[in-house]
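Inside the fold
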Amino acid sequence: LNVIYQGRAETMLPTQNYFDGALRVIRPLYNTPEIDLLEFSNIHNFTPPPPPCPQSEDSKRLYASHLMEQLKQVYPPVRQNLLRAGLRGIDEEAK
């Protein structure tokens, strides 16, 4: 979303420190494709969470998700390439 709407290469990292290292967030499912998470939740009968807000069906995030699906049809590794570019951008900003 940041690349599309703000022209900045930013991404959520698999591990990230906050408050000068006092809090560390670890995202263990960072590289798990959403389709695998959906399949797992269906197999185990997880109830999906409600939409976070009334606008969730008409959002920039939903638009970007549909756009990614279209791009994946043309070039399947598009997600990995965008993530790699985002991480590379973060590395460049840190220098």
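Residues numbered from 1 in each chain as written. Predicted model: local features only at pLDDT ≥ 70, side-chain atom pairs only at ≥ 80, totals over all residues. Heavy atoms only, no water.

Comments concerning the overall build of the protein
- Each helix and strand counted, the protein has 4 helices and 2 strands in total.
- Counting from the amino terminus, helix and strand elements in the protein follow one another as α-β-β-α-α-α.
- Looking at the 95 residues of the protein, the share that counts as buried comes to 8%.
- Long-range contacts, defined as pairs at least 24 residues apart, comprise 41% of the intrachain contacts of the protein with a sequence gap of at least 6.
- As displayed, the protein has an accessible area near 8300 Å², and 58% of this comes from carbon and sulfur atoms. (Helix = DSSP H or I, 4+ residues; strand = E, 2+ residues; numbered from the N terminus. Buried < 20%, exposed > 50% of the residue type's maximum accessible area, 1.4 Å probe, protein only. Contact = heavy atoms within 4.5 Å. Areas by Shrake-Rupley, 256 points an atom, 1.4 Å probe, with all protein chains shown as cover.)

As for a nonpolar patch on the surface
- Taken together, the side chains of Tyr 18, Phe 19 and Leu 23 define a hydrophobic patch exposed on the protein surface, amounting to about 320 Å² of accessible area.
- Relative to the assigned elements, Tyr 18 resides in strand β1 (residues 15-18). (Patch = residues over 30% accessible without salt bridge, like charges linked within 9 Å, V, L, I, M, F, W, Y side chains within 5 Å. Salt bridge = Lys/Arg side-chain N within 4 Å of Asp/Glu carboxyl O.)

Remarks on the pairing of strand β2 (residues 23-26)
- With 4 bridges joining them, β1 and β2 adopt antiparallel strand pairing. Directly across from Thr 15, in β2, lies its bridge partner Ile 26.
- Taking the residues between adjacent antiparallel strands as the criterion, β1 and β2 are bridged by 4 residues, where Phe 19 takes a positive phi near 55 degrees. (Pairing = 2+ DSSP bridges.)

Examining the pattern of salt bridges
- Under the defined criterion, the tally for this structure stands at 1 salt bridge.
- For Lys 72, the salt bridge is made with Glu 69, and the minimal N-O distance between the two is 3.4 Å. Residue Lys 72 and its partner Glu 69 are both found in helix α3 (residues 60-74); the two are separated by 3 residues, about one turn of the helix.
- Residue classification places Lys 72 among the partly exposed residues on the basis of a relative accessible area of 36%.

Re the environment of Leu 13
- Relative to the helices and strands, Leu 13 is located in the loop between α1 (2-6) and β1.
- For the pair formed by Leu 13 and Leu 83, sequence separation is 70 residues and the distance between their alpha carbons is 9.8 Å.

Brief notes about unusual backbone geometry
- Of note in this structure, Phe 19 is not a glycine but carries a positive phi near 55 degrees.
- Mapped onto the secondary structure, Phe 19 falls in the loop between β1 and β2.
- One non-glycine residue, Asn 45, adopts positive backbone phi at about 55 degrees.

Here's the deal with the side chain of Arg 27
- Within the secondary structure, Arg 27 sits in the loop between β2 and α2 (34-43).
- Of note is the side chain of Arg 27, whose polar atom sits 2.6 Å from the backbone oxygen of Leu 13.
- In this view, Arg 27 contacts Met 12, Leu 13, Pro 14, Gln 16 and Tyr 18; residues no more than four positions away in its chain are not counted. (Polar contact = N/O pair within 3.5 Å; in protein donor to acceptor, adjacent residues only side chain to side chain.)

Honestly, that's just the spatial picture; any functional story needs more than this.
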